[in-house]
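Listed below, chain by chain, are the residues.
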Amino acid sequence: VNRPDVIYFHHTEEPPGAWWDKARPLVTLHRVEPVHEVHGNPVKYPAHMADVIRMAMLERFGGVYLDLDVISLNPLTPLLGQECVMGMEPGTGLCNAVILARPGAAFIRRWREEYRNFDSKRWNYHSVVLPWRLAQAHPDDIHVADKYAFFYPSHTDPVHGYLWGKHPSLWARATRLGKNLVKLGVHALPGMRDEIKLAYYRTFHALRGAEWHYRKASQSYCLHLWEGLWGEPYLQAVDPRYLREAPTHFARLMRKVLSEEELKAMALPGPMPA
C-alpha cells in the first residue's frame, strides 16, 4: 500500500516458522541489542524494551514505525509532510503502535528525555499517556490524527465485533451510548475538557449499521489488530483461505488491498501451521 523504499525489521532475535521464511526476503534485517535499562531505570518487559528501541530508531533514521499487528489499508502520503504524527487511542492517549517522524524530530527527542522518570510498574504511562500530555504541552511539535485514522475500531469499543463477523446487540450499543452521553455532559464543564476522553465518549457511531462500520474502517490509514487481546478470540482463525473466503469485515478489508496473486502466494505446502 505504501510502497516504501525499504522495510527495516528491528529485532533482537529472528522469529521462527514457515511464515517468517516467506516474509524474511521482504525486509531488511536490523539487529539491535536488548534494552535492560533507560536513563538508569530498569526495563523488565519486552513490550517496554520495544518502546525504547522504536523511539531510538525513529530519532536516528526517521520514517514510519508500525507494530507487527498493524496492517496498512491506505497510503500515508497525506501525512508525510509533518515532522511527527501519532494517532488517538480514545480514552487513553496516543498509541505508539504507529508513529511517523523525521530524523531528530523534536517531539521524539523530548519524549525520550522523559524516560528519565520511567517506571515499569506504570504499564502504558510512558508509551501512551505521556505522549498525549506532551502533545498538549507542545502542539507545534506533533500532528495528532483523529480516532478513525489508525486505531479504529479500538479494543474497548463494542463495535469491534463487526470486524470479526459479530453483531453487538442494540441494547449493548445503546447502553454504551447512554453512559457516554452522561460522561460527555460532565466533561463539557469548564476545565474538564480532554480530547482523548471526549473521543472515547463520542461513540455516536455505536448505533450505525454494520456496513457503515465497514466503510469507515476501509477509509482508515491502517488497522491495528490488538494482538495481545484479539489473538485468542479472533486471529487464530485467520489463514489464507479465511482471507479469500470469509465474509467478515477483516477479510473483506484484506481482499481490498491484496491481489488474488498475493493471496495465492500466501499458501504454504502441507498442513496449515498453527
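Residues numbered from 1 in each chain as written. Predicted model: local features only at pLDDT ≥ 70, side-chain atom pairs only at ≥ 80, totals over all residues. Heavy atoms only, no water.

Draft legend 1. Spotlight on the pattern of salt bridges. In this structure the tally under the stated criterion is 9 salt bridges. Among the salt bridges present, the one from R31 reaches E13, with a minimum N-O distance of 4.0 Å. Here E13 lies in the loop between β1 (8-11) and α1 (18-23) and R31 lies in strand β2 (residues 28-31), a separation of 18 residues in the sequence. The salt bridge involving R54 is made with D51; its shortest N-O contact spans 3.4 Å. Here R54 and its partner D51 are both found in helix α2 (residues 46-61), 3 residues apart, which amounts to about one turn of the helix. In this pair, the class of R54 matches that of D51, namely buried. Here the residues in one salt-bridge network are D51, R54 and D67, joined through shared partners. (Salt bridge = Lys/Arg side-chain N within 4 Å of Asp/Glu carboxyl O. Helix = DSSP H or I, 4+ residues; strand = E, 2+ residues; numbered from the N terminus. Buried < 20%, exposed > 50% of the residue type's maximum accessible area, 1.4 Å probe, protein only.)

Draft legend 2. Inspection of the confidence of the model for the protein chain at higher detail. A residue-level look at the protein chain finds 95% of positions with pLDDT of 70 or above and a mean pLDDT of 90. Across residues 270-274, where pLDDT falls below 50, the model places 5 contacts with residues more than four positions away in sequence or in other chains. (pLDDT = per-residue confidence, 0-100. Contact = heavy atoms within 4.5 Å.)

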